[in-house]
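Summary of the model geometry
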Amino acid sequence: MADADVQQFAVPSDMTAIGIAAPGGPDMLVPERRPVPVPGAGEVLIRVAAAGVNRPDVLQRMGKYPPPPGASDIPGLEVAGTVVAAGEGADMMVGQKVCALLAGGGYAEYAVAPAGQCLPVPNGVDLVEAAALPETLFTVWTNLFERAYVVAGDTVLVHGGTSGIGTMAITLCRLFDIRIVVTCGSDGKCAQAREWGADHAINYRTGDYVAAVKEITGGKGVQAVLDMVGGDYVPRNLECLAEDGRHVSIAVLGGAKASIFIPAIMSKRLTITGSTLRARSVGFKSLVADELMRNVWSFVEEGRLRPAMDRRFALTDAAKAHARMDAGEHCGKIVLVA
Ligand SMILES: NC(=O)c1ccc[n+]([C@@H]2O[C@H](COP(=O)([O-])OP(=O)(O)OC[C@H]3O[C@@H](n4cnc5c(N)ncnc54)[C@H](OP(=O)(O)O)[C@@H]3O)[C@@H](O)[C@H]2O)c1
(Lines give C-alpha, C1' and ligand atoms only; values in the text may rest on other atoms or scores of the structure.)
Protein backbone atom coordinates (compact mmCIF):
# COMPACT_ATOMS: atom_id res chain seq x y z
CA MET A 1 0.00 0.00 0.00
CA ALA A 2 1.28 3.47 -0.84
CA ASP A 3 1.34 5.07 2.62
CA ALA A 4 2.47 8.34 1.12
CA ASP A 5 -0.76 8.55 -0.90
CA VAL A 6 -2.91 7.65 2.06
CA GLN A 7 -1.25 10.35 4.14
CA GLN A 8 -1.77 13.19 1.70
CA PHE A 9 -5.11 14.09 3.35
CA ALA A 10 -5.34 14.93 7.03
CA VAL A 11 -8.11 12.82 8.49
CA PRO A 12 -9.49 13.75 11.92
CA SER A 13 -10.24 11.09 14.52
CA ASP A 14 -13.87 12.03 14.96
CA MET A 15 -16.66 13.57 12.92
CA THR A 16 -20.24 14.77 12.94
CA ALA A 17 -22.71 12.05 12.00
CA ILE A 18 -26.46 11.63 12.30
CA GLY A 19 -27.53 8.98 14.79
CA ILE A 20 -31.00 7.53 15.36
CA ALA A 21 -31.74 8.21 19.04
CA ALA A 22 -34.68 5.77 19.07
CA PRO A 23 -37.17 4.45 16.50
CA GLY A 24 -39.63 7.23 15.70
CA GLY A 25 -40.20 10.51 13.89
CA PRO A 26 -37.75 12.85 12.15
CA ASP A 27 -36.70 14.40 15.50
CA MET A 28 -35.03 11.10 16.36
CA LEU A 29 -32.28 12.03 13.89
CA VAL A 30 -29.66 13.69 16.06
CA PRO A 31 -26.22 15.07 15.16
CA GLU A 32 -23.56 13.41 17.30
CA ARG A 33 -19.80 12.89 17.41
CA ARG A 34 -18.59 9.54 16.11
CA PRO A 35 -15.15 8.10 15.34
CA VAL A 36 -14.14 8.47 11.69
CA PRO A 37 -14.44 4.92 10.26
CA VAL A 38 -11.28 3.16 9.12
CA PRO A 39 -11.27 1.60 5.63
CA GLY A 40 -10.42 -2.10 5.50
CA ALA A 41 -8.86 -4.01 2.62
CA GLY A 42 -10.53 -3.07 -0.66
CA GLU A 43 -12.33 -0.12 0.93
CA VAL A 44 -11.98 3.65 0.69
CA LEU A 45 -12.67 6.47 3.13
CA ILE A 46 -14.71 9.23 1.50
CA ARG A 47 -14.80 12.80 2.81
CA VAL A 48 -18.50 13.29 2.22
CA ALA A 49 -19.60 16.36 0.27
CA ALA A 50 -23.22 15.25 0.16
CA ALA A 51 -25.44 12.30 1.00
CA GLY A 52 -28.66 11.32 -0.75
CA VAL A 53 -31.84 10.75 1.26
CA ASN A 54 -33.91 7.72 0.34
CA ARG A 55 -37.21 6.29 1.60
CA PRO A 56 -35.39 3.25 3.07
CA ASP A 57 -33.63 5.72 5.45
CA VAL A 58 -37.08 6.78 6.68
CA LEU A 59 -38.03 3.15 7.25
CA GLN A 60 -34.74 2.60 9.12
CA ARG A 61 -35.43 5.66 11.30
CA MET A 62 -38.84 4.21 12.17
CA GLY A 63 -37.25 0.92 13.19
CA LYS A 64 -38.75 -0.97 10.23
CA TYR A 65 -35.61 -1.53 8.17
CA PRO A 66 -32.57 -2.45 10.29
CA PRO A 67 -29.12 -2.23 8.69
CA PRO A 68 -27.85 -5.59 7.39
CA PRO A 69 -25.18 -7.37 9.49
CA GLY A 70 -21.86 -5.54 9.40
CA ALA A 71 -23.33 -2.26 8.09
CA SER A 72 -23.06 1.04 9.96
CA ASP A 73 -26.04 1.98 12.14
CA ILE A 74 -25.75 5.54 10.78
CA PRO A 75 -28.39 5.97 8.03
CA GLY A 76 -27.47 6.85 4.46
CA LEU A 77 -27.17 4.61 1.41
CA GLU A 78 -25.29 6.91 -0.98
CA VAL A 79 -22.69 9.67 -0.88
CA ALA A 80 -20.39 11.67 -3.10
CA GLY A 81 -17.09 13.20 -2.10
CA THR A 82 -13.32 12.80 -2.21
CA VAL A 83 -11.42 9.63 -1.35
CA VAL A 84 -9.03 10.67 1.45
CA ALA A 85 -7.70 7.30 2.60
CA ALA A 86 -7.85 3.69 1.49
CA GLY A 87 -7.27 0.16 2.68
CA GLU A 88 -5.01 -2.38 1.04
CA GLY A 89 -5.61 -2.70 -2.68
CA ALA A 90 -7.56 0.54 -3.08
CA ASP A 91 -4.88 3.17 -2.47
CA MET A 92 -4.82 4.17 -6.15
CA MET A 93 -8.20 5.83 -5.57
CA VAL A 94 -6.96 8.35 -2.99
CA GLY A 95 -7.67 11.86 -4.26
CA GLN A 96 -10.45 10.78 -6.67
CA LYS A 97 -13.90 12.29 -6.62
CA VAL A 98 -16.45 9.48 -6.42
CA CYS A 99 -20.04 8.70 -5.70
CA ALA A 100 -20.71 5.47 -3.87
CA LEU A 101 -23.45 3.03 -2.97
CA LEU A 102 -23.34 2.16 0.74
CA ALA A 103 -25.09 -0.34 2.99
CA GLY A 104 -25.28 2.48 5.59
CA GLY A 105 -23.22 5.28 7.11
CA GLY A 106 -23.84 8.04 4.55
CA TYR A 107 -25.24 10.71 6.90
CA ALA A 108 -21.78 11.67 8.14
CA GLU A 109 -18.75 13.79 7.32
CA TYR A 110 -16.78 10.64 6.43
CA ALA A 111 -18.00 7.28 5.14
CA VAL A 112 -16.34 4.00 4.18
CA ALA A 113 -17.31 2.32 0.91
CA PRO A 114 -16.08 -0.80 -0.90
CA ALA A 115 -13.92 0.43 -3.78
CA GLY A 116 -16.03 -1.62 -6.21
CA GLN A 117 -19.18 0.29 -5.25
CA CYS A 118 -17.66 3.66 -6.19
CA LEU A 119 -18.16 5.39 -9.53
CA PRO A 120 -15.97 8.29 -10.67
CA VAL A 121 -17.62 11.71 -10.63
CA PRO A 122 -16.82 13.30 -13.99
CA ASN A 123 -15.32 16.80 -14.14
CA GLY A 124 -18.08 19.38 -14.20
CA VAL A 125 -20.60 17.20 -12.38
CA ASP A 126 -21.76 18.73 -9.10
CA LEU A 127 -20.91 16.47 -6.12
CA VAL A 128 -24.31 17.24 -4.59
CA GLU A 129 -26.06 15.91 -7.69
CA ALA A 130 -23.67 12.97 -7.88
CA ALA A 131 -24.66 11.99 -4.33
CA ALA A 132 -28.25 11.63 -5.52
CA LEU A 133 -27.41 9.02 -8.19
CA PRO A 134 -26.22 5.67 -6.81
CA GLU A 135 -29.16 4.23 -4.83
CA THR A 136 -31.82 4.82 -7.47
CA LEU A 137 -29.48 4.13 -10.40
CA PHE A 138 -28.38 0.73 -9.04
CA THR A 139 -31.98 -0.12 -8.08
CA VAL A 140 -33.70 0.89 -11.31
CA TRP A 141 -30.98 -0.59 -13.50
CA THR A 142 -31.04 -4.00 -11.84
CA ASN A 143 -34.82 -4.23 -11.54
CA LEU A 144 -36.09 -2.67 -14.75
CA PHE A 145 -33.29 -3.59 -17.15
CA GLU A 146 -32.16 -6.93 -15.70
CA ARG A 147 -35.04 -8.50 -13.80
CA ALA A 148 -37.68 -7.10 -16.20
CA TYR A 149 -35.24 -7.03 -19.18
CA VAL A 150 -36.95 -4.06 -20.84
CA VAL A 151 -35.65 -3.00 -24.25
CA ALA A 152 -36.13 -0.12 -26.68
CA GLY A 153 -39.72 0.04 -27.89
CA ASP A 154 -41.21 -1.44 -24.69
CA THR A 155 -43.72 0.42 -22.55
CA VAL A 156 -43.40 0.28 -18.75
CA LEU A 157 -45.57 1.36 -15.83
CA VAL A 158 -43.82 2.85 -12.78
CA HIS A 159 -45.61 4.00 -9.64
CA GLY A 160 -44.34 6.94 -7.61
CA GLY A 161 -43.52 8.96 -10.73
CA THR A 162 -41.93 11.84 -8.82
CA SER A 163 -40.12 9.65 -6.27
CA GLY A 164 -36.37 9.21 -6.35
CA ILE A 165 -36.91 5.81 -7.95
CA GLY A 166 -39.61 7.04 -10.32
CA THR A 167 -37.61 9.99 -11.59
CA MET A 168 -34.57 7.78 -12.22
CA ALA A 169 -36.83 5.35 -14.11
CA ILE A 170 -38.10 8.23 -16.26
CA THR A 171 -34.55 9.38 -17.02
CA LEU A 172 -33.27 5.91 -17.93
CA CYS A 173 -36.34 5.09 -20.01
CA ARG A 174 -35.86 8.23 -22.08
CA LEU A 175 -32.18 7.44 -22.61
CA PHE A 176 -32.98 3.88 -23.73
CA ASP A 177 -36.04 4.68 -25.89
CA ILE A 178 -38.56 3.02 -23.60
CA ARG A 179 -42.01 4.54 -23.25
CA ILE A 180 -42.84 5.21 -19.58
CA VAL A 181 -46.22 5.63 -17.93
CA VAL A 182 -46.15 6.76 -14.29
CA THR A 183 -48.70 7.25 -11.53
CA CYS A 184 -48.62 10.10 -9.02
CA GLY A 185 -50.82 11.31 -6.16
CA SER A 186 -51.63 14.81 -7.46
CA ASP A 187 -52.04 16.77 -10.69
CA GLY A 188 -49.03 18.86 -9.69
CA LYS A 189 -46.85 15.77 -9.36
CA CYS A 190 -48.18 14.46 -12.69
CA ALA A 191 -47.22 17.73 -14.39
CA GLN A 192 -43.74 17.54 -12.83
CA ALA A 193 -43.29 13.93 -13.95
CA ARG A 194 -44.24 14.88 -17.53
CA GLU A 195 -41.85 17.81 -17.42
CA TRP A 196 -39.07 15.42 -16.38
CA GLY A 197 -39.87 13.17 -19.33
CA ALA A 198 -42.69 10.75 -18.49
CA ASP A 199 -44.73 9.97 -21.61
CA HIS A 200 -47.91 9.71 -19.56
CA ALA A 201 -48.64 10.55 -15.91
CA ILE A 202 -51.84 9.32 -14.27
CA ASN A 203 -53.25 10.85 -11.09
CA TYR A 204 -54.26 7.68 -9.23
CA ARG A 205 -56.43 9.67 -6.81
CA THR A 206 -58.75 10.94 -9.54
CA GLY A 207 -58.59 8.18 -12.15
CA ASP A 208 -58.27 4.42 -12.60
CA TYR A 209 -54.71 3.72 -13.68
CA VAL A 210 -55.62 0.26 -15.03
CA ALA A 211 -58.14 1.76 -17.46
CA ALA A 212 -55.70 4.54 -18.37
CA VAL A 213 -52.89 2.06 -19.13
CA LYS A 214 -55.22 0.00 -21.31
CA GLU A 215 -56.20 3.09 -23.24
CA ILE A 216 -52.60 4.30 -23.64
CA THR A 217 -51.45 0.90 -24.92
CA GLY A 218 -54.46 0.28 -27.17
CA GLY A 219 -55.60 -2.56 -24.90
CA LYS A 220 -52.31 -4.42 -25.23
CA GLY A 221 -50.79 -3.60 -21.82
CA VAL A 222 -47.24 -2.79 -20.75
CA GLN A 223 -44.22 -5.05 -20.90
CA ALA A 224 -43.18 -4.37 -17.29
CA VAL A 225 -44.41 -2.83 -14.04
CA LEU A 226 -41.96 -1.49 -11.43
CA ASP A 227 -43.98 -1.52 -8.23
CA MET A 228 -43.26 0.07 -4.84
CA VAL A 229 -46.82 -0.05 -3.51
CA GLY A 230 -47.73 -3.76 -3.25
CA GLY A 231 -50.99 -4.66 -1.50
CA ASP A 232 -54.06 -4.30 -3.71
CA TYR A 233 -51.96 -2.66 -6.43
CA VAL A 234 -50.48 -6.04 -7.37
CA PRO A 235 -53.60 -7.63 -8.93
CA ARG A 236 -54.31 -4.33 -10.68
CA ASN A 237 -50.73 -4.15 -11.94
CA LEU A 238 -51.07 -7.67 -13.36
CA GLU A 239 -54.14 -6.45 -15.28
CA CYS A 240 -51.91 -3.75 -16.81
CA LEU A 241 -49.37 -6.26 -18.12
CA ALA A 242 -49.20 -7.44 -21.73
CA GLU A 243 -48.61 -11.07 -22.62
CA ASP A 244 -45.25 -12.27 -21.25
CA GLY A 245 -45.16 -9.16 -19.04
CA ARG A 246 -42.92 -8.82 -15.99
CA HIS A 247 -43.93 -7.52 -12.55
CA VAL A 248 -41.09 -6.35 -10.32
CA SER A 249 -41.70 -5.54 -6.65
CA ILE A 250 -39.20 -3.26 -4.92
CA ALA A 251 -41.28 -2.12 -1.94
CA VAL A 252 -44.60 -2.59 -0.17
CA LEU A 253 -45.53 0.95 0.85
CA GLY A 254 -49.24 0.13 0.56
CA GLY A 255 -49.25 -3.39 2.01
CA ALA A 256 -47.14 -6.56 2.18
CA LYS A 257 -49.86 -9.01 1.12
CA ALA A 258 -51.79 -9.35 -2.11
CA SER A 259 -54.47 -11.63 -3.50
CA ILE A 260 -53.91 -12.50 -7.13
CA PHE A 261 -55.84 -14.46 -9.76
CA ILE A 262 -53.37 -17.19 -10.69
CA PRO A 263 -54.99 -18.15 -14.03
CA ALA A 264 -54.18 -14.63 -15.28
CA ILE A 265 -50.48 -15.39 -14.73
CA MET A 266 -50.87 -18.59 -16.70
CA SER A 267 -52.90 -17.24 -19.58
CA LYS A 268 -50.66 -14.20 -20.12
CA ARG A 269 -47.44 -16.10 -19.14
CA LEU A 270 -46.52 -13.39 -16.63
CA THR A 271 -43.37 -13.28 -14.52
CA ILE A 272 -43.56 -12.03 -10.94
CA THR A 273 -40.25 -11.11 -9.39
CA GLY A 274 -38.63 -8.57 -7.06
CA SER A 275 -35.48 -7.73 -5.16
CA THR A 276 -33.88 -5.69 -2.40
CA LEU A 277 -30.50 -4.10 -3.01
CA ARG A 278 -29.14 -3.21 0.40
CA ALA A 279 -28.39 -6.68 1.72
CA ARG A 280 -26.78 -7.92 -1.52
CA SER A 281 -23.08 -8.76 -1.41
CA VAL A 282 -20.26 -6.36 -2.20
CA GLY A 283 -19.43 -8.67 -5.12
CA PHE A 284 -22.92 -8.27 -6.61
CA LYS A 285 -23.02 -4.51 -6.12
CA SER A 286 -19.54 -4.20 -7.64
CA LEU A 287 -20.72 -6.13 -10.70
CA VAL A 288 -23.65 -3.72 -11.05
CA ALA A 289 -21.22 -0.79 -10.76
CA ASP A 290 -19.18 -2.32 -13.62
CA GLU A 291 -22.32 -2.64 -15.74
CA LEU A 292 -23.28 0.95 -15.01
CA MET A 293 -19.79 2.08 -16.02
CA ARG A 294 -20.13 0.25 -19.33
CA ASN A 295 -23.76 1.00 -20.17
CA VAL A 296 -24.80 4.21 -18.44
CA TRP A 297 -21.88 6.28 -17.19
CA SER A 298 -21.18 7.97 -20.54
CA PHE A 299 -24.62 9.60 -20.17
CA VAL A 300 -23.49 11.04 -16.81
CA GLU A 301 -20.28 12.30 -18.42
CA GLU A 302 -22.27 13.93 -21.22
CA GLY A 303 -24.65 15.56 -18.74
CA ARG A 304 -27.62 13.59 -20.14
CA LEU A 305 -28.19 11.61 -16.95
CA ARG A 306 -28.76 13.91 -14.00
CA PRO A 307 -30.91 13.28 -10.95
CA ALA A 308 -34.20 15.13 -10.63
CA MET A 309 -33.51 17.31 -7.61
CA ASP A 310 -35.86 18.38 -4.85
CA ARG A 311 -34.13 20.26 -2.00
CA ARG A 312 -30.76 20.43 -0.29
CA PHE A 313 -30.47 20.48 3.52
CA ALA A 314 -27.42 20.79 5.75
CA LEU A 315 -26.30 17.43 7.17
CA THR A 316 -27.18 18.64 10.66
CA ASP A 317 -30.73 19.38 9.40
CA ALA A 318 -31.34 15.72 8.52
CA ALA A 319 -34.49 15.82 10.68
CA LYS A 320 -35.93 18.58 8.47
CA ALA A 321 -35.08 16.60 5.36
CA HIS A 322 -36.89 13.54 6.73
CA ALA A 323 -39.89 15.64 7.77
CA ARG A 324 -40.18 16.73 4.14
CA MET A 325 -40.00 13.14 2.89
CA ASP A 326 -42.48 11.98 5.55
CA ALA A 327 -44.93 14.63 4.37
CA GLY A 328 -44.63 13.31 0.79
CA GLU A 329 -44.20 16.86 -0.50
CA HIS A 330 -40.96 16.28 -2.34
CA CYS A 331 -40.51 15.74 -6.06
CA GLY A 332 -37.18 14.14 -6.93
CA LYS A 333 -34.19 13.74 -4.65
CA ILE A 334 -33.54 15.30 -1.27
CA VAL A 335 -29.83 15.68 -0.47
CA LEU A 336 -27.88 16.45 2.71
CA VAL A 337 -24.86 18.69 2.22
CA ALA A 338 -22.02 18.00 4.65
N1 LIG B 1 -35.91 -2.95 -3.37
C2 LIG B 1 -34.91 -2.12 -3.40
O3 LIG B 1 -33.78 -2.49 -3.62
C4 LIG B 1 -35.17 -0.65 -3.16
C5 LIG B 1 -34.13 0.26 -3.31
C6 LIG B 1 -34.42 1.62 -3.13
C7 LIG B 1 -35.70 2.03 -2.79
N8 LIG B 1 -36.66 1.08 -2.61
C9 LIG B 1 -38.02 1.47 -2.26
O10 LIG B 1 -38.58 2.22 -3.31
C11 LIG B 1 -39.53 3.12 -2.79
C12 LIG B 1 -39.25 4.51 -3.32
O13 LIG B 1 -38.08 5.00 -2.73
P14 LIG B 1 -37.69 6.52 -2.91
O15 LIG B 1 -36.46 6.76 -2.14
O16 LIG B 1 -37.76 6.86 -4.35
O17 LIG B 1 -38.92 7.18 -2.11
P18 LIG B 1 -39.71 8.53 -2.26
O19 LIG B 1 -38.98 9.51 -3.11
O20 LIG B 1 -40.12 8.94 -0.90
O21 LIG B 1 -41.01 8.09 -3.04
C22 LIG B 1 -42.05 7.31 -2.52
C23 LIG B 1 -43.21 7.43 -3.49
O24 LIG B 1 -44.17 6.47 -3.19
C25 LIG B 1 -45.44 6.97 -3.52
N26 LIG B 1 -46.36 6.27 -2.63
C27 LIG B 1 -47.35 5.49 -3.03
N28 LIG B 1 -47.97 4.94 -2.00
C29 LIG B 1 -47.35 5.39 -0.91
C30 LIG B 1 -47.54 5.18 0.47
N31 LIG B 1 -48.50 4.36 0.94
N32 LIG B 1 -46.69 5.83 1.33
C33 LIG B 1 -45.70 6.64 0.88
N34 LIG B 1 -45.49 6.86 -0.43
C35 LIG B 1 -46.30 6.25 -1.31
C36 LIG B 1 -45.35 8.48 -3.35
O37 LIG B 1 -45.94 9.06 -4.45
P38 LIG B 1 -47.30 9.90 -4.42
O39 LIG B 1 -47.15 11.03 -3.44
O40 LIG B 1 -47.41 10.35 -5.81
O41 LIG B 1 -48.32 8.92 -3.98
C42 LIG B 1 -43.86 8.77 -3.45
O43 LIG B 1 -43.54 9.41 -4.67
C44 LIG B 1 -39.42 3.05 -1.26
O45 LIG B 1 -40.46 2.26 -0.76
C46 LIG B 1 -38.09 2.38 -1.06
O47 LIG B 1 -38.06 1.66 0.16
C48 LIG B 1 -36.43 -0.23 -2.81
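Residues numbered from 1 in each chain as written. Predicted model: local features only at pLDDT ≥ 70, side-chain atom pairs only at ≥ 80, totals over all residues. Heavy atoms only, no water.

**What to know about the overall build of the protein chain**
Along its length, the protein chain carries 12 helices and 15 strands. In summary, the protein chain has a C-alpha radius of gyration of 20 Å against a globular reference of 20 Å for 338 residues, a match within 12%. In terms of overall dimensions, the protein chain has a C-alpha envelope of 65 × 40 × 35 Å along the principal axes. For the protein chain, the exposed area adds up to about 14000 Å²; of that, 52% sits on carbon and sulfur atoms. On the protein chain, the mean spot of the 31 positive side-chain charges and the mean spot of the 36 negative ones are 5 Å from each other. (Helix = DSSP H or I, 4+ residues; strand = E, 2+ residues; numbered from the N terminus. Rg over C-alpha atoms; globule rule 2.2 N^0.38 Å. Areas by Shrake-Rupley, 256 points an atom, 1.4 Å probe, with all protein chains shown as cover. Lys, Arg positive; Asp, Glu negative; His and termini not counted. Charge placed at Lys NZ, Arg CZ, Asp CG, Glu CD.)

**Quick notes on the site of the ligand**
Close to the ligand lie 24 residues; Gly185, Lys189, Tyr204, Ser275 and Leu277 are nearest. In this structure, a nitrogen atom belonging to the ligand sits 3.4 Å away from a main-chain N or O atom of Leu253. Ser275 is positioned with one of its backbone polar atoms (N or O) 2.8 Å from a nitrogen atom of the ligand. Relative to its unbound accessible area of 910 Å², the ligand is 86% covered by the protein chains. Every element with two or more residues in the shell around the ligand is listed here: helix H2 (55-61), helix H4 (134-147) and helix H5 (164-175). The element best represented in the shell around the ligand is H2, accounting for three residues. Taken together, the residues that form the shell around the ligand break down as 12 nonpolar, nine polar and three charged. Of the domains in this structure, domain 1 (2-133 + 278-337) and domain 2 (136-274) are the two that each give at least three residues to the shell around the ligand. (Near = heavy atom within 4 Å. Polar contact = N/O pair within 3.5 Å; in protein donor to acceptor, adjacent residues only side chain to side chain. Nonpolar A, V, L, I, M, F, W, Y, C, P; charged D, E, K, R; others polar. Domains from an automatic or database assignment.)

**Digging into the packing of aromatic side chains**
Using the criterion set out here, one finds six aromatic pairs in the structure. Taking 6.4 Å as the distance between ring centres and 80 degrees as the angle between the ring planes, the aromatic pair formed by Tyr204 and Tyr233 counts as edge-to-face. Separated by 29 residues along the polypeptide, Tyr204 in the loop between strand E10 (200-203) and helix H7 (209-216) and Tyr233 in helix H8 (residues 233-240) bring together distant segments of the chain. One aromatic cluster in this structure is built from Trp141, Phe145, Phe176 and Phe299. Lying over the aromatic face of Tyr233, Arg236 brings its terminal NZ or CZ to 5.6 Å of the ring centre. Lying over the aromatic face of Phe284, Arg280 brings its terminal NZ or CZ to 3.7 Å of the ring centre. (Phe/Tyr/Trp six-rings, centres within 6.5 Å; stacked < 30°, edge-to-face > 60°. Lys NZ or Arg CZ within 6 Å of the ring centre and 35° of its normal.)

**Looking at the domain arrangement of the protein chain**
Domain parsing of the protein chain yields domain 1 (2-133 + 278-337) and domain 2 (136-274). Taken over C-alpha atoms, the centre of domain 1 sits 28 Å from the centre of domain 2. Carbon and sulfur atoms make up 73% of the surface buried where domain 1 meets domain 2, a total of about 1800 Å² over both sides. Its largest share of buried area at the contact with domain 2, domain 1 owes to Leu133, Leu292 and Cys331, together 23% of the area lost on that side. Summed over the shared surface of domain 1 and domain 2, the number is zero salt bridges. Counting every contact that joins domain 1 to domain 2 gives five residue pairs in polar contact (both at pLDDT 80 or more). For the side of domain 1 that touches domain 2, the secondary structure elements donating two or more residues are helix H10 (282-295) and helix H11 (297-301). Classifying every residue of the side of domain 1 that touches domain 2 by side-chain character gives 15 nonpolar, six polar and seven charged. (Buried area = accessible area lost by both parts, 1.4 Å probe. Salt bridge = Lys/Arg side-chain N within 4 Å of Asp/Glu carboxyl O.)

**So, the side chain of Thr171**
Secondary-structure assignment places Thr171 in helix H5. A relative accessible area of 15% places Thr171 in the buried class. With residues up to four places along the chain from it excluded, the contact list for Thr171 reads Arg304, Leu305 and Arg306. (Buried < 20%, exposed > 50% of the residue type's maximum accessible area, 1.4 Å probe, protein only. Contact = heavy atoms within 4.5 Å.)

**Looking at the sheet that holds strand E8 (residues 155-158)**
By way of backbone hydrogen bonds, the strands of a sheet pair with one another, either parallel or antiparallel. If you walk across this open sheet you meet the six strands as E10-E9-E8-E11-E12-E13, and the pairing is parallel. Each edge of the sheet is formed by a strand with only one pairing partner; in this case those strands are E10 and strand E13 (271-274). Adjacent strand axes in the sheet meet at a mean angle of 20 degrees when their direction is disregarded. The sheet contact formed by strand E11 (residues 222-227) and strand E12 (residues 241-249) spans five bridges and is parallel. Opposite Val222, over in E12, you have Leu241 as the bridge partner. Contacting E8, E11, E12 and E13, H8 crosses the sheet at an angle of about 145 degrees to E12. (Pairing = 2+ DSSP bridges. Axes fitted to C-alpha atoms, helices over the stretch in contact; angles between N-to-C directions.)

**Some points on a nonpolar patch on the surface**
A cluster of nonpolar side chains, namely Ile260, Ile262, Met266 and Ile272, defines an oily patch on the protein surface of about 370 Å² accessible area. As for its position among the elements, Ile262 is in helix H9 (residues 262-268). (Patch = residues over 30% accessible without salt bridge, like charges linked within 9 Å, V, L, I, M, F, W, Y side chains within 5 Å.)

**Some thoughts on the pattern of salt bridges**
On inspection of all chains with the given rule, the structure shows 17 salt bridges. A salt bridge links Asp126 to Arg312; the nearest nitrogen and oxygen atoms lie 2.9 Å apart. Of the two residues, Asp126 sits in the loop between strand E7 (118-120) and helix H3 (127-130) while Arg312 sits in strand E14 (residues 309-314), which places them 186 residues apart along the sequence. For Arg312, a relative accessible area of 48% corresponds to the partly exposed category. Put simply, Asp208 and Arg236 hold a salt bridge, and the shortest N to O gap is 3.6 Å.

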